[in-house]
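Here is what each chain is made of, one letter per residue.
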Amino acid sequence: MTTKPVEIYILSGFLGSGKTTLLTQLLAWEKERGRQVAVLMNEIGNISVDSRLLPPDTPLKELLNGCICCTIQAQLSHQLLSLCQQHTPDAIYIEATGAAHPIEVLDACITPLMAKQIKTCKIVTTLDLPRWRDRDRLSVRVRRLMEEQVRFTDFLIINKASDVAESERERLIADLVHINSTAPQIVTDFARFDLPLLYDAVGTHTSFYRTETHQPAHAAEHLRVRAFSYTWDKPIDRNMFEAWLRTTPDTLYRAKGYLRFHDQPQQTMLFQYAYGMPMFTEEPFPYPSTVVFIGEDLPEAELKAQLAKL
Ligand SMILES: Nc1nc2c(ncn2[C@@H]2O[C@H](COP(=O)(O)OP(=O)(O)OP(=O)(O)O)[C@@H](O)[C@H]2O)c(=O)[nH]1
């Protein structure tokens, strides 16, 4: 069965850098201009918080519990094909895991099965500027992955810019240009910018990735990035939870999920944690209290024992 040629956008960028924040805006823009789009979400953990943040009418497939750039590569093109056949979208947005190497995801998309269906396949990377500033504190493997995500992109969104002093920004951006001098760059907060710029820029940009070599840096094989989830069967103390977060290892890169606290036991809270910053927002749907923790070499048993005491 043949379907209309589809544009594929791979949203790349380290854990918590702003991919979902960008995606929700792109979907709103696509709706405004009347295009049919679909989303493929990949999560290292076993629950997908991000997909619940998308408009409910978006055709969506989820690949959980692994990274499409390494352990579940083969499933990707089947899912893409099935989205094309079921929904004939103009574009598919793939939100890769924050630990994915963009070229590996690109390779996983362009298979013999999918090749004929693809009109264009572009990589868009969000970069967490404060994390980039402090990258010397990261493991060599994570640092290298972040550099590769900058190197192999068609469009770079330098995000969380206001969280870095203005005096430091110029130097940091110069480092980025040194790594990738061809991709257009946008410096912003909450991935906000004039979205048509992205489509204009990637549309004319010459893709380079086919000819360059890259350093493989897969989540499971080299990075040792792992996820575990924890579920509470009753509300917990908010202050104790926040105090506990402050004691967690620097290699806890990301956490997200749903919680209920003693002071408002009926209210489910959406919890997001990226680069030391917790955020809580009221969630209308009463999801179970489960949080996914993502990091490198995390002492899972020890952390779970601490969570059980909250
Ligand atoms: N301070 C600040 N926070 C931001 C900005 N952009 C996004 N965030 C917050 O950072 C957190 C992570 O953002 P997401 O968009 O979920 O990041 P992500 O890359 O999709 O995360 P993963 O899918 O887990 O890798 C959320 O709490 C966002 O609200 C920004 O520019 N500044």
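- Taken directly from UniProt, the Catalytic activity (unreviewed entry) text for the protein chain runs: "GTP + H2O = GDP + phosphate + H(+)".

**Remarks on the packing of aromatic side chains**
The description of an aromatic ring pair uses the distance of the two centres, along with the angle that the planes make with each other.
In step 1: Applying the stated criterion across every chain yields a total of 17 aromatic pairs.
In step 2: An aromatic cluster of at least three residues, connected via ring pairs, comprises Phe-228, Tyr-230, Trp-232, Phe-241, Trp-244, Phe-261, Phe-271, Tyr-273, Phe-280 and Phe-293.
In step 3: Above the ring of Phe-280, the side-chain terminus of Arg-238 is found at 4.5 Å from the ring centroid.

**Topic: the UniProt feature "domain: CobW C-terminal" (unreviewed entry) in the protein chain**
In step 1: Under the UniProt annotation, "domain: CobW C-terminal" (unreviewed entry) lies at residues 225-310.
In step 2: Across residues 225-310, the secondary structure splits into 21% helix and 42% strand, with the terminal C-alpha atoms separated by 25 Å.

**Let's talk about the nonpolar core**
In step 1: Formed by 28 residues in total, the largest nonpolar core has its most connected members in Ile-8, Ile-10, Leu-76, Leu-80 and Ile-94.
In step 2: Of all elements in the fold, only strand S1 (6-12), strand S2 (37-42), helix H2 (73-87), strand S4 (91-95), helix H3 (102-109) and strand S5 (118-128) reach the threshold of two or more residues within this core.
In step 3: In terms of nonpolar packing, the next biggest core, distinct from the first, is built from 24 residues, Leu-145, Met-146, Leu-156 and Ile-179 among them.

**A look at the sheet that holds S5**
In step 1: Spatial ordering of the open sheet is given by S3-S2-S4-S1-S5-S6-S7, a layout of 7 strands whose pairing is parallel. Since the sheet does not close on itself, it has two edges, and those belong to strand S3 (60-63) and strand S7 (185-187), each with one partner. Neighbour-to-neighbour, the strand axes of the sheet open up by a mean angle of 15 degrees, direction not taken into account.
In step 2: With 3 bridges joining them, strand S6 (residues 155-159) and S7 adopt parallel strand pairing. Each bridged residue has a counterpart across the sheet, and for Leu-156 the counterpart in S7 is Gln-185.
In step 3: Across the face of the sheet, helix H1 (residues 19-32) comes into contact with S1, S2, S4, S5 and S6 while running at roughly 170 degrees to S4.
In step 4: On top of the sheet, H3 reaches S1, S4 and S5; it is set at about 160 degrees to S5, its chief contact.

What counts, and where the lines are drawn
- In this convention, every chain numbers its residues from 1, walking through the sequence in written order.
- Thresholds applied to this predicted model are a pLDDT of at least 70 for local features of residues and 80 or more for the giving and counting of side-chain atom pairs; totals over whole chains, interfaces and linings are not thresholded and use all residues.
- For the side-chain quantities, the full set of heavy atoms in the structure was used; hydrogens and water were omitted.
- UniProt positions are given in the numbering used here, feature names are shortened, and annotations may be inferred rather than shown by experiment.
- Any two rings among Phe, Tyr and Trp, with Trp reduced to its six-membered ring, count as a pair given centres within 6.5 Å; such a pair is stacked if its planes are under 30 degrees apart, edge-to-face if over 60, and tilted if neither.
- Counting as a charge over the ring demands two things of the Lys NZ or Arg CZ atom: a distance within 6 Å of the ring centre and an angle within 35 degrees of the ring normal.
- By definition, any uninterrupted DSSP run of H or I lasting at least four residues is a helix, any uninterrupted run of E lasting at least two residues is a strand, and each is numbered from the N terminus.
- Residues belong to one nonpolar core when they are buried, are Ala, Val, Leu, Ile, Met, Phe, Trp, Tyr or Cys, and are joined through side-chain atoms within 4.5 Å.
- The buried label applies to any residue whose accessible area, calculated with a 1.4 Å probe on protein chains only, is under 20% of its type's maximum; exposed applies above 50%, and partly exposed to all values in between.
- Pairs of strands are assigned from DSSP output, requiring at least two bridges between the strands.
- Lines fitted to the C-alpha atoms define the axes, with helices restricted to the stretch that makes contact. Angles between their N-to-C directions range from 0 to 180 degrees.
- Contact criterion: two residues are considered in contact whenever any of their non-hydrogen atoms come within 4.5 Å of each other.

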